[in-house]
Structures are given as structure tokens and as C-alpha cells.
Amino acid sequence: MIRPILIVGTVAAALAAAGSVAAQTKWDMPTPYPDGNFHTQNVRWFADEVKKATNGGLEIVVHANASLVQHPQILRAVQTAQVPAGEILLSQFGNEDPFFEIDAIPFFATGYANARKLYKVQKSYVESRMLKRGIRVLYSVPWPGQAIYTKAPLNALADLKGVKFRTYNPSTSKLATLAGAVPTTVQVPEVPQAFATNIITAMITSAATGIDTKAWEYAKFYYDTKAFHPRNVVMVNEAAFQGLTEDQRTAVLKIAAQAEERGWAAAEERETSAVKTLGEKGMQVVQPSDAIMAEFRKLGSTMVDEWQVKAGADGKALVDAYRQ
């Protein structure tokens, strides 16, 4: 009587253990931004919803604030399967492919309506290029409009001449150079210290990053240029994605589409609330003059022309499609 009970119990336990191992997949996912950032909050929502939809079969562990992999290495880490998934600012990798940076060319697609229009024509180019690297794009979310932060007043483009200007991707470096400033690459977590030590005295970034880094403690002016809406990309190694069950893949893609829509909505809301907060904290929120905006748009036009030459026939096709 005892022996059959022991056998049944042992088999049941073994089957349960085997089923648990087979069903459980864990993805480590680095992201460069802190937990308070709306992109990180959206990524965590995505991870939580995937876990629920797969009944715990897929767990995505989010490592915020570049705590697992530094931002410049995340794309390579996902491509080489060092980590299964990750989030990046796409335009940071514009030197690797010009189609990764078109959304970050200043004064080309300003405002959310134009940013979404550009995304529609850029999307297939980015997805195909990523897939050649063994990466699947899950979703893409914009940043609020990029603004210029300074310690000193900015009345004309000439005021930026010689200024140490914080940049974070090839296009912002190019903008700084064309403006006569000194481009200086600084990652988000180091921005306050860089300002405090005068490594930089101006930058272009979103109001959301201004909140993340407490810009009111190191800068005085926020010029609301809404220059462009660079986008983040949440991605997964294609082999890791194909290693999921069909139901799990379906769930991931469905929730990714939802995360994209809620992310776009969050970006707009975050811009409104963040600009308000910056003003409440003591920064001078300034609408740039028509004269200086005309100077900036001229620089943007130059950058678009140069980008089309670099991007070739596909680049011209993209710009033409956007402008139609």
C-alpha cells in the first residue's frame, strides 16, 4: 500500500518540477533611464503585463539606470545575446546606420503629429535593418520635444559659439558643431556633475530628462524649441523571441503594441507636466524668438540635406514620403 503512494507522489513531483523548468523563461532587460522616467515606467508595465499574459511563463527583469549594461553597449549586447532584450535611444547609434537617426535631426519633424508621421515612414527601414542584426523591434516611443538648457541667456545663435554643449547622439553633435559650440558627450546620469564642474554649460534634451536630473539645480534657462522627438526602441534578440512558444510570442507582440500607444500618450503628458514643474522649481521657461528659431531651422535644413546624401536613395525616398 505504501509503495504505490510513494511512486505516484515522486512522479507527480518530478513532472511538476519539469513543467516548471520548461515553462519558465527569464529575460534580463537593461534600460538606460531611472525608475522615475516615463520610458522606464512603461517598460515595467510591459514586463508586468507579459508575465500576467503568459501565466509567469516569461519573466522580463528590468534593470534600470544603466545598472546592468551601459547605454552605448546595449544594442551590441542584445545583438550578441549577452542579454535577451533591451531599450535604447535609437539615434544614439546613428553612426552605425543613418536610418537610426533621422528622427533626431533637429527641426525636421517637430511636434507629435509630425513625429508620428515620420515614424510611419521610418519604421520599416529600422525594423528590416535591425532584423539583419538578429534583433526584433517590439515597440518605439518618443521623447518629449527637445529643448535647450543653458546657464546664460540665449538671445541669438552666436551665443552658443564656444559653449561646451552636451550631446548624446551624432545629430546633436552635428547641431552643436554647426552652431559653433563644442560638442561634449555626457550620459544622462552624469549630467548634473558635468554642469557643476563646467564640463558642459548647455545642452539639448527633453523636459523629462530635466526632471530626472533636477535641471533647476544646475541650469537657469529652458528654451522650449521642441526641436525634435527622438525615439526609444524596445527590442529583443530574434533567437530569444523565436525560443518562446507561439502563444507567448503572440502575447509579447500584442502587449508591445499596447505599450507603444500608452508610451506615446505618456510622452505628451510628461512634456506638459515636466515643463510646468521646471518653471515651478525656478527655471525660466522661455519661448524662443522667431529670429533664433529661423537660425535653428536653417541648421536643420542643412542637416537633412547632408543626411539624404549619407542615406542614399532610400534616404531620399524616406524624406520624400514624409513630405508628401
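Residues numbered from 1 in each chain as written. Predicted model: local features only at pLDDT ≥ 70, side-chain atom pairs only at ≥ 80, totals over all residues. Heavy atoms only, no water.

A.B. asks: Can you lay out the packing of helix α4 (residues 112-132) against helix α9 (residues 246-280) for me, pointing to particular residues and giving the numbers?
C.D. replies: In contact at an axis separation of 12 Å, α4 and α9 are set at 150° when each is read in the N-to-C sense. Taken as axis vectors, α4 and α9 run roughly antiparallel relative to one another. Crossing geometry of α4 relative to α9 is assigned as right-handed. Of α9, the residues touching α4 (which contributes Y112, A115, R116 and Y119) are E260, E261, W264, A267, E268 and E271. Class assignment of the residues belonging to the contact of α4 with α9 gives a composition of five nonpolar, no polar and five charged. (Axes fitted to C-alpha atoms, helices over the stretch in contact; angles between N-to-C directions. Helix = DSSP H or I, 4+ residues; strand = E, 2+ residues; numbered from the N terminus. Parallel < 35°, antiparallel > 145°, perpendicular 65-115°, else oblique. Left-handed = near helix turned anticlockwise from the far one by under 90°. Contact = heavy atoms within 4.5 Å. Nonpolar A, V, L, I, M, F, W, Y, C, P; charged D, E, K, R; others polar.)

A.B. asks: Provide a residue-level description of the side chain of Q92, including the pertinent values.
C.D. replies: On the secondary structure map, Q92 appears in the loop between β3 (85-89) and α4. Among the polar contacts made by the side chain of Q92, one reaches the side chain of H71 at a distance of 3.2 Å. In this view, Q92 contacts H71, P72, Y168, N169, P170 and Q187; residues no more than four positions away in its chain are not counted. (Polar contact = N/O pair within 3.5 Å; in protein donor to acceptor, adjacent residues only side chain to side chain.)

A.B. asks: An account of the sheet that holds β3 is requested, with residue identities and associated values reported.
C.D. replies: Strand pairs in the sheet, formed through backbone hydrogen bonds, run parallel or antiparallel to each other. Taken in spatial order, the three strands line up as β3-β10-β4 in an open sheet, and their pairing is antiparallel. Both edges of this open sheet fall to β3 and β4 (135-142), since each of them pairs with a single strand only. Direction aside, the axes of adjacent strands within the sheet are offset by 20° on average. The sheet contact formed by β3 and strand β10 (residues 231-237) spans five bridges and is antiparallel. Residue pairing in the sheet places A85 in a bridge with V236 of β10. Sitting on the sheet, helix α2 (residues 38-53) is in contact with β3, β4 and β10, with an inclination near 130° to β4. Packed on one face of the sheet, α9 meets β4 and β10 and runs near 25° to β4. (Pairing = 2+ DSSP bridges.)

A.B. asks: Provide a residue-level description of the pattern of salt bridges, including the pertinent values.
C.D. replies: Applying the stated criterion to the full structure yields 13 salt bridges. Of the charged contacts, one joins E271 and K226 as a salt bridge, the two residues approaching to 3.9 Å between their closest N and O atoms. Placement of the pair is E271 in helix α9 and K226 in the loop between β9 (221-223) and β10, with a sequence separation of 45 residues. The exposure class assigned to E271 is buried, which follows from its relative accessible area of 8%. When its relative accessible area of 33% is taken as the criterion, K226 is described as partly exposed. The network of salt bridges with common partners includes D97, R129 and D314. (Salt bridge = Lys/Arg side-chain N within 4 Å of Asp/Glu carboxyl O. Buried < 20%, exposed > 50% of the residue type's maximum accessible area, 1.4 Å probe, protein only.)

A.B. asks: Tell me about the confidence of the model for the chain, and name the residues and values.
C.D. replies: Averaged over the chain, the pLDDT score is 92; the fraction of residues at 70 or greater is 93%. For residues 1-22, every residue scores under 50 in pLDDT, and the model assigns this stretch zero contacts once sequence neighbours within four places are set aside. (pLDDT = per-residue confidence, 0-100.)

A.B. asks: Go over unusual backbone geometry with me, naming the residues and quoting the values.
C.D. replies: Its identity as a non-glycine residue notwithstanding, F107 has a phi of 65°, on the positive side. Residue placement: F107 occurs in the loop between β3 and α4. Under the relative-accessibility criterion, F107 is labelled buried at 13%. One non-glycine residue, K226, lies in the positive phi region at around 45°.

A.B. asks: So what's going on with the packing of aromatic side chains? Residues and values would help.
C.D. replies: Taken as a whole, this structure holds 11 aromatic pairs when the rule is applied. For the pair Y33 and W143, a centre-to-centre distance of 4.9 Å together with 70° between the ring planes defines the contact as edge-to-face. Highlighted residues: Y33 in the loop between β1 (25-30) and α2 and W143 in the loop between β4 and β5 (147-150), separated in sequence by 110 residues. Here the two residues Y33 and W143 agree in accessibility, since each one is buried. Judged by centre distance (5.9 Å) and plane angle (25°), the rings of Y119 and W264 are stacked. Note that Y119 is positioned in helix α4 and W264 in helix α9, a separation of 145 residues in sequence. Residue Y119 is classed as buried on the basis of its relative accessible area of 7%. (Phe/Tyr/Trp six-rings, centres within 6.5 Å; stacked < 30°, edge-to-face > 60°.)

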